[in-house]
Amino acid sequence: MTENPSLSNLLKEERRFAPPVELAAAANVTAEAYEQAKADRLGFWAEQARRLTWATEPTETLDWSNPPFAKWFADGKLNVAYNCVDRHVEAGHGERVAIHFEGEPGDSRAITYAELKDEVSRAAHALTELGVQKGDRVAVYLPMIPEAVVAMLACARIGAAHSVVFGGFSADAIAARIKDADAKVVITSDGGYRRGKPSALKPAVDEAVSRVDSVRHVLVVQRTKQDVAWTEGRDVWWHEITRKQSTEHTPEAFDAEHPLFILYTSGTTGKPKGILHTSGGYLTQTAYTHHAVFDLKPETDVYWCTADIGWVTGHSYITYGPLANGATQVMYEGTPDTPHQGRFWEIVQKYGVTILYTAPTAIRTFMKWGDDIPAKYDLSSLRVLGSVGEPINPEAWMWYRKNIGADKCPIVDTWWQTETGAMMIAPLPGVTETKPGSAQRALPGIAATVVDDEANEVPNGGGGYLVLTEPWPSMLRTIWGDDQRFIDTYWSRFQDRYFAGDGAKKDEDGDIWLLGRVDDVMLVSGHNISTTEVESALVSHPSVAEAAVVGAADETTGQAIVAFVILRGTANVEDEGLVADLRNHVGSTLGPIAKPKRVLPVAELPKTRSGKIMRRLLRDVAENRELGDVTTLTDSSVMELIQSRLPAAP
Ligand code: ATP
Ligand code: MG
C-alpha cells in the first residue's frame, strides 16, 4: 500500500465536440486570448478592467506585496451600480430590457435599463433614509424577484456591503449571518411563490432579528400580499419608502478594494464561511468571463441563469456580470416543476432564450423526468449551454447536449467557487473542442494546475489536488472577520498556492477534469478513488438516474465503496439482479478496484439547498454513525427515509 497515493484516473472518455463553425467565426474571444494572457498576464487583466467605467482609472494592476492578501486595481475608483446600470442608459440603451421577470404564478414584468436605473436610485435613497452608510452591511433575504437585484445594486451604489441569505434558510441561519456581518438593515418580503403557493419569508426574519442587536430596520417588499406581523418603527414597506424618493441619485466613486459583499459558502462540507468580495477586480472578472465563456452579444442574446440570487452564481452571473455587460436576461421565481415539468422549456420558448446556465442536479432531474418533456417545446433559439455547481457526469452532459442543445450547442462546464468569485476553468465556446465531463482549461489570465501530496505538479494523465497558482482579480480577499481562517483554509496546505479543496486530474492533453471534493475522495486498498468517477459510471447505466458514492470504513480494504442510487422510472428497487448488474457495470467501466461493495437504491439523495449532494451525511449512514450537521439540507426528512430503507450492514 502506498503512503500517499495520488488520485486514480479511471474514467476514459473519448467523445469530442468541435465548436460550431458559425459561432467560432463570430466568437467574442478567440484562441489568441490565451497567448496574450500568457505573454503578459497582468497586462491582460489591466485591459479587461477597461471594460468597466472608472471614475479614476487604475494605474496599478496587482499588489501582491502581502500575500495572500491581494489588492487589484487599488488606485482606481468606481461605482459598481453605475457600471451595471447608468452607463448603459447613458450609452443609449435605456430602452433595452434588462430583466424579463417570470413569476411562478405566471405574472411577468419586463424592466428596461432606464427603469432599473430609476428603481436602483430610489432604493439607494431609501437605504440612506434608513441610516445606511458607506461601509455598513445590509442583509438581503428575498425570493427570486427583481427587487433582489435592485436591493443588491442599491447597496453597491451607496457603498454598503450586502450579505444575501438564501430565501429558504431558517431563522437560525439568518441570525447567524446577521450577527457575523453585524448588519444594520434587513431587506425581505412578505413571501414568495414556491411550488404553487405563497410561502412566507418575513416570520423567519422577525425571529432572527429578535435574537440580534444590530438591526435597526426591516425593509419589506410586498410580493404575495399575505398577512405579516409588523413592528412599528422598525418595519418599513419597500413600496412606501421607495415611492417617495427621487429617481436621480449621484453615484459616489469608491476604491476598487471597497467591500462589495459578504456571502457565506453553501456549507456542503461544514460551517459556512463569510467570503468577502470587493469591487473593481470582482466586477472585471465577472464581466470578462460572462462575455468570454457565454460569448454574450448584448444586442441579440437572451440570457438565463437559473441559479438563486442567494448563491454566488446568482451574484456573479445574474446581478453583476450580465448587468455590467448590458445583457438582457430572464429571471424566474419558482421551481422547475410548477405547474408542470416543462416549465423551464416553456420559458426558453417564450423569451427565445439563447444562453442557458444551469446545474448538473437540475439536468439529472430533467433526465429522470424524460426526454419527451423538453421535446414538446421549441428550443431552437438556444446557442450556448452552461453548467455549474458540481462535476457534470458525462451522461448528463450528453443528455443536455442532445435533448436541450439539439446536438449543436457547445456546453461550457464552468468550475469556480464562492471564493473565486467568478469562473476559473471552462471551455471557450468558439475555441475549445469540448469533452463531456471536463471543465478543461484555465481561462485566459488564470493559472490553475493539479499537484500531488508533496505539491509537485502531476504530469498529464495524473491526478491529485486542484490549486490556483497566481492571484486573480475576483479572488476572495479574506474570510469576514477571520484572516487566520482565510490563511489556514486556503493558503496553508500548499505553500503560496490557493488550495481549492477539490480533487482533479489532467488528461493526456493536459485538460482538467474535476473529481469532487478532496474530503469525499475514497481510499480503497491503497488507491485514491474519486466519488465523481464512480458516480458517473453508475449514471451511465440505463437504469440509474442519479448516484452518490461514499467510502465507508472497512476492515479489509480501509474504505469500501458504498453507492446510493436513484433508479429511473421503470427499474425495480427490489431487483437483486439489478444491484449485481450495477456493481459489474462499474467494474467493467472503471476496473475492479472501483466496484462498489454495496449498492443501495433510495428514493432521494440528501442535497444542500443549492442542489449539491451531501456525501458526508451518507457516509454517516453507511458507517452507522449519528448524523452530522443537517441544517443546510433542503429536506431533512430525506435522511430518515434513507435510513429507514437501509438493510443492516453486512
Ligand atoms: P462549502 O465550501 O461551504 O462546503 P460549497 O463548496 O458547496 O460549500 P460553493 O462555493 O457554492 O460552496 O461551491 C463550490 C464548489 O462546487 C467547488 O469547490 C466544487 O467542489 C463544486 N463545483 C462548482 N462548479 C463545478 C464544476 N463545474 N465542476 C466540478 N465541481 C464544481
Ligand atoms: Mg467550498
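Predicted model only: the values in this text are computed from it and were never measured. (Residues numbered from 1 in each chain as written. Chains lettered and ligands numbered in written order. Predicted model: local features only at pLDDT ≥ 70, side-chain atom pairs only at ≥ 80, totals over all residues. Heavy atoms only, no water.)

Caption draft 1: Expanded view of the confidence of the model for the protein chain. Residues at a pLDDT of 70 or more form 98% of the protein chain, whose mean pLDDT is 94. On the interface metric, ipTM, the complex scores 0.99, and its pTM is 0.95. (pLDDT = per-residue confidence, 0-100.)

Caption draft 2: Here's a closer look at the nonpolar core. One finds L153, I187 and Y320 to be the most contacted residues of the largest nonpolar core, which totals 114 residues. A per-element tally of this core places helix α6 (residues 146–158) first, with ten residues. Residues contacting L153, with those up to four places away along its chain left out, are A81, C84, V85, L116, V120, T319, Y320 and L323. (Core = buried A, V, L, I, M, F, W, Y, C linked by side-chain atoms within 4.5 Å. Buried < 20%, exposed > 50% of the residue type's maximum accessible area, 1.4 Å probe, protein only. Helix = DSSP H or I, 4+ residues; strand = E, 2+ residues; numbered from the N terminus. Contact = heavy atoms within 4.5 Å.)

Caption draft 3: Region of the structure containing the UniProt feature "binding site: Mg(2+)" (unreviewed entry) in the protein chain. Taking the UniProt record as the reference, the feature "binding site: Mg(2+)" (unreviewed entry) is found at V539, H541 and V544. Residue position: V539 is located in helix α17 (residues 531–539). On the basis of relative accessibility, which here comes to 3%, the residue V539 falls in the buried class. Here V539 is in contact with N393, E395, V544, A545, E546 and A547, once residues within four sequence places are set aside. Overall, the relative accessible area of 8% leaves H541 in the buried class. (UniProt positions renumbered as here; feature names shortened; annotations may be inferred.)

Caption draft 4: Region of the structure containing a negative patch on the surface. A contiguous patch of negative charge, built from E574, D575, E576 and D581, is present on the exposed surface. Relative to the helices and strands, E574 is located in the loop between β29 (558–567) and α18 (576–590). With relative accessibility at 57%, the residue E574 sits in the exposed group. (Patch = residues over 30% accessible without salt bridge, like charges linked within 9 Å, V, L, I, M, F, W, Y side chains within 5 Å. Areas by Shrake-Rupley, 256 points an atom, 1.4 Å probe, with all protein chains shown as cover. Salt bridge = Lys/Arg side-chain N within 4 Å of Asp/Glu carboxyl O. Lys, Arg positive; Asp, Glu negative; His and termini not counted. Charge placed at Lys NZ, Arg CZ, Asp CG, Glu CD.)

Caption draft 5: Summary view of the sheet that holds strand β15 (residues 274–278). The eight strands are arranged β12-β11-β8-β6-β7-β14-β15-β23 in an open sheet whose pairing can be described as mixed. Each of the sheet's edge strands pairs with one partner strand only, and the pair in question is β12 (235–237) and β23 (478–479). With two bridges joining them, strand β7 (residues 161–164) and strand β14 (residues 259–264) adopt parallel strand pairing. If you follow H162 over to β14, its bridge partner there is F261. Here α6 sits on the sheet in contact with β6 (137–141), β7, β8 (185–189), β11 (217–221) and β14, set at roughly 150° to β7. (Pairing = 2+ DSSP bridges. Axes fitted to C-alpha atoms, helices over the stretch in contact; angles between N-to-C directions.)

Caption draft 6: Region of the structure containing the pattern of salt bridges. Summed over all chains, the structure comprises 42 salt bridges. The partner of E623 in a salt bridge is R625, and the shortest N-O contact between them spans 2.3 Å. Classification of R625 as partly exposed rests on a relative accessible area of 39%. Where salt bridges share partners, they join E102, R343, E346 and K350 into one cluster.

Caption draft 7: The environment of I512, seen in detail. Residue placement: I512 occurs in strand β25 (residues 512–517). As for I512 and F254, which are separated by 258 residues in sequence, their C-alpha atoms are 37 Å apart.

Caption draft 8: Looking closely at the pairing of β14. The element β14 is extensively covered by neighbouring structure, given that five of its six residues are classed as buried. Across five bridges, β14 lies against β15 in antiparallel orientation. Note on β15: the bridge partner recorded for L263 is I275.

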